[in-house]
Amino acid sequence: MSEERKVTYENSSNQTKSLLDEMDTSNKNLQNIGVELLTVHTEGTVHAKRMPGKFRTIKWVVAAMWLSFFIGPYLQWDGRQAILFNLVDRQFHFFGITVLPQDIWVLAMILLFFALLLAATTAVAGRLWCGYACFHTVWTDIFTWVEEKFEGLPNKRMKLDQEPVSFSKLRKKVPKWIIWAIIGFMTGFSFVAYFDPALSLWARLFTFEWSGTEATIILALGAATVFFAGFLREQVCIGFCPYARIQGAMIDTETVVPTYDVDRGEPRGRMKRAKPGEEQPDLGDCIDCNLCVAVCPTGVDIRKGQQFGCITCGLCIDACDSVMEKIKKPKGLIRYASLAEFAGKAFVPLYKRPRVIVYSSIMTFAAVAMIWGLATMSPLDVKVLHERAPLFVQMSDRTIQNKYYVKVVNKGNARLDASIEVTGPESLFYIGPKSIQVEPGNVGTATLLVRVPKKDLTEANTPIEILVTDQNNPAVSSTYSSMFIGPKVR
């Protein structure tokens, strides 16, 4: 391998090294690694060919999971929408669980878990999210499927794009655009329905009572869906998505990605019978049919090596395997493989890979914290604020009085009748409501005047506890530890 084709860096001694110095680079896949910018498709829209296969089936199964995005707003739980992010009242309902701003850390753990899950899957098998589960990938797949139903196979669609505007062309394009618009509208509507009850949103649609904010978000998201998934398509993955650029920092030599086996496939050439007297050419298994390029949704030629336009969807593997099966050659000319495999190194188990260990450890922490938070989340939350000016007041009967504001948060779905008790020194007594009523998702505030005879105070700060209990369910309670402040004891 020539020095100019190595991935290099400079250390403190200004000596140039290669990331592949410790590998056996006799394999052509490793010899072809360089720093040059590989070509990307820039010549019009990619019209990818659809072929059945294992990875195509996986894509459809994962895409079907996105149906939950459209179904979710209509699920009901205890007389209300099961999944609802009520920003006005600052409540996040997920079936029987209500998360308030006080428990926002639980949502942070959920986001941390899925962010590290993305990093972990990338370290193991490249851009799995992009290839199978990304909403842009899925929506683009659906949009192109609709396009194929109206305009035909890729060759017909490319020819139609080149035709001048005519009635015949519009007759095929307009119905497709209408279906796209419906999908786009439902996408925007479903998104807003997670923040505004879906059934109410539908009812107000037909009476033209949407607010300006609702209408703007739904129409803007719908238009963006059609524009990005219907028209830009692969250009979003290649030109706009930052993940394509940063994935190189998230993979290593053990990461398996769709790879063309150069040693086995080259020199490529069409299969043909040798004429009498001619020697049969010594060709590789690749017959240069270009089917792997034809099925790629981003127009990548995987035979040029791994490149940032590849979303690792595996469709090129399906295409190549189908050809190998027809010409009676072993499958796997294009396959999920790592650089270490081509270097002849033994497979490293996932539990021995540093990146996977780090990502999995953080994911485990986030998952445990998330489950613990949800399992121990109480239907009520109590916060107590001590009056700061003044800290205490000496009454005429020689008692010391402190003032507290007890804030009770009702996280449940029913009205809370909360009783309040204060415990501390034996002579302590307090003035305030014995109970308060708090509506679901609201905060109730009670003012407490706590008094202790001055002679019974042995310290400037005396611990007290404020107990709040649900009168309808005594098992639900919360205790807040606070301090009773008095004058310095002389």
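Refer to the structure above for everything that follows.
Residues numbered from 1 in each chain as written. Predicted model: local features only at pLDDT ≥ 70, side-chain atom pairs only at ≥ 80, totals over all residues. Heavy atoms only, no water.

### As for a nonpolar patch on the surface
No. 1: A cluster of nonpolar residues, F150, V165, L170, V174, W177, I178, I179, I182, F227, F228, F231 and F240, forms a patch on the protein surface that exposes about 1,100 Å² of accessible area.
No. 2: Those elements that provide at least two residues to the nonpolar patch are α8 (167-193) and α10 (212-232).
No. 3: Of all the elements, α8 adds the most residues to the nonpolar patch, at six residues. (Patch = residues over 30% accessible without salt bridge, like charges linked within 9 Å, V, L, I, M, F, W, Y side chains within 5 Å. Areas by Shrake-Rupley, 256 points an atom, 1.4 Å probe, with all protein chains shown as cover. Salt bridge = Lys/Arg side-chain N within 4 Å of Asp/Glu carboxyl O. Helix = DSSP H or I, 4+ residues; strand = E, 2+ residues; numbered from the N terminus.)

### Side note on empty space enclosed by the protein
No. 1: Within this structure, the stated rule accounts for four cavities of 30 Å³ or more.
No. 2: Its volume calculated, the largest cavity comes out at about 270 Å³.
No. 3: Lining the largest cavity are 22 residues, and of these A48, T140, D141, T144 and P297 sit closest to its centre.
No. 4: Mapped by element, the contributors of at least two residues to the lining of the largest cavity are α2 (54-64), α6 (135-151) and α11 (234-240).
No. 5: Counting residues per element, the lining of the largest cavity draws most heavily on α6, at six residues.
No. 6: Residues belonging to the lining of the largest cavity are distributed by class as follows: seven nonpolar, six polar and nine charged.
No. 7: Its volume calculated, the second largest cavity comes out at about 110 Å³.
No. 8: Forming the walls of the second largest cavity are 14 residues, and the residues nearest its centre are C296, V300, C310, C313 and C316.
No. 9: Taken together, the residues of the lining of the second largest cavity sort by class into 11 nonpolar, three polar and no charged. (1 Å grid on protein atoms, 1.4 Å probe; cavity = no way out; pocket = protein on both sides within 12 Å on 5 of 7 lines; lining within 4 Å. Points joined across faces, edges and corners; volume = space filled by probe spheres on them. Nonpolar A, V, L, I, M, F, W, Y, C, P; charged D, E, K, R; others polar.)

### Brief notes about the sheet that holds strand β7 (residues 97-99)
No. 1: Taken in spatial order, the three strands make up an open sheet running β5-β6-β7, and their pairing is antiparallel. Single-partner strands in this sheet number two, and they are β5 (83-86) and β7. The mean inter-strand angle of the sheet, taken between neighbouring strand axes irrespective of direction, is 15°.
No. 2: Here β5 runs beside strand β6 (residues 91-94); their pairing, made up of four bridges, is antiparallel. Bridging across to β6, F85 finds its partner in F92. (Pairing = 2+ DSSP bridges. Axes fitted to C-alpha atoms, helices over the stretch in contact; angles between N-to-C directions.)

### Some words on the packing of aromatic side chains
No. 1: Scanning the entire structure with this criterion turns up 23 aromatic pairs.
No. 2: Where W66 meets F135, the ring centres are 6.2 Å apart and the plane angle is 80°; that geometry is what we call edge-to-face. Of the two residues, W66 is situated in the loop between α2 and α3 (67-71) and F135 in helix α6; the sequence distance between them amounts to 69 residues.
No. 3: Residue W66 is classed as partly exposed on the basis of its relative accessible area, which comes to 22%.
No. 4: The interplanar angle of 35° and the centroid separation of 6.0 Å between the aromatic rings of F185 and F189 together place this pair among those described as tilted. Linking F185 with F189, this pair stays in helix α8, spanning four residues, or about one helical turn.
No. 5: When its relative accessible area of 25% is taken as the criterion, F185 is described as partly exposed.
No. 6: Taken together through their ring pairs, the aromatic side chains of W66, F69, F70, F135, W139 and Y194 make up a single cluster. (Phe/Tyr/Trp six-rings, centres within 6.5 Å; stacked < 30°, edge-to-face > 60°. Buried < 20%, exposed > 50% of the residue type's maximum accessible area, 1.4 Å probe, protein only.)

### Re the packing of α6 against α8
No. 1: The contact between α6 and α8 brings their axes to 9 Å, and the two run at 155°. With respect to α8, the element α6 is oriented roughly antiparallel. For the crossing formed where α6 meets α8, the hand is right-handed. On α8, the residues that touch W139, I142, F143, V146, E147, F150 and E151 of α6 are K172, K173, P175, K176, I179, W180, I183 and T187.
No. 2: When grouped by side-chain class, the residues that make up the contact of α6 with α8 number nine nonpolar, one polar and five charged. (Parallel < 35°, antiparallel > 145°, perpendicular 65-115°, else oblique. Left-handed = near helix turned anticlockwise from the far one by under 90°. Contact = heavy atoms within 4.5 Å.)

### Overview of α6
No. 1: In a regular helix each residue adds 1.5 Å, so 17 residues correspond to 24 Å; α6 covers 24 Å between its end C-alpha atoms and thus fits that length.
No. 2: Taken residue by residue, α6 has H136, T137, V138, W139, T140, D141, F143, T144, V146, E147, E148 and E151 as its buried positions.
No. 3: Where α6 terminates, the next one or two residues include G152, which has phi positive at roughly 95°. (Expected span 1.5 Å × (residues − 1).)

### Quick look at the layout of surface pockets
No. 1: Roughly 1,800 Å³ of internal volume is contained in the largest pocket.
No. 2: Lining of the largest pocket is provided by 45 residues; of these, W66, F69, F114, W129 and F135 occupy positions nearest its centre.
No. 3: When residues in the lining of the largest pocket are grouped by element, the largest group, nine residues, is from helix α4 (residues 104-125).

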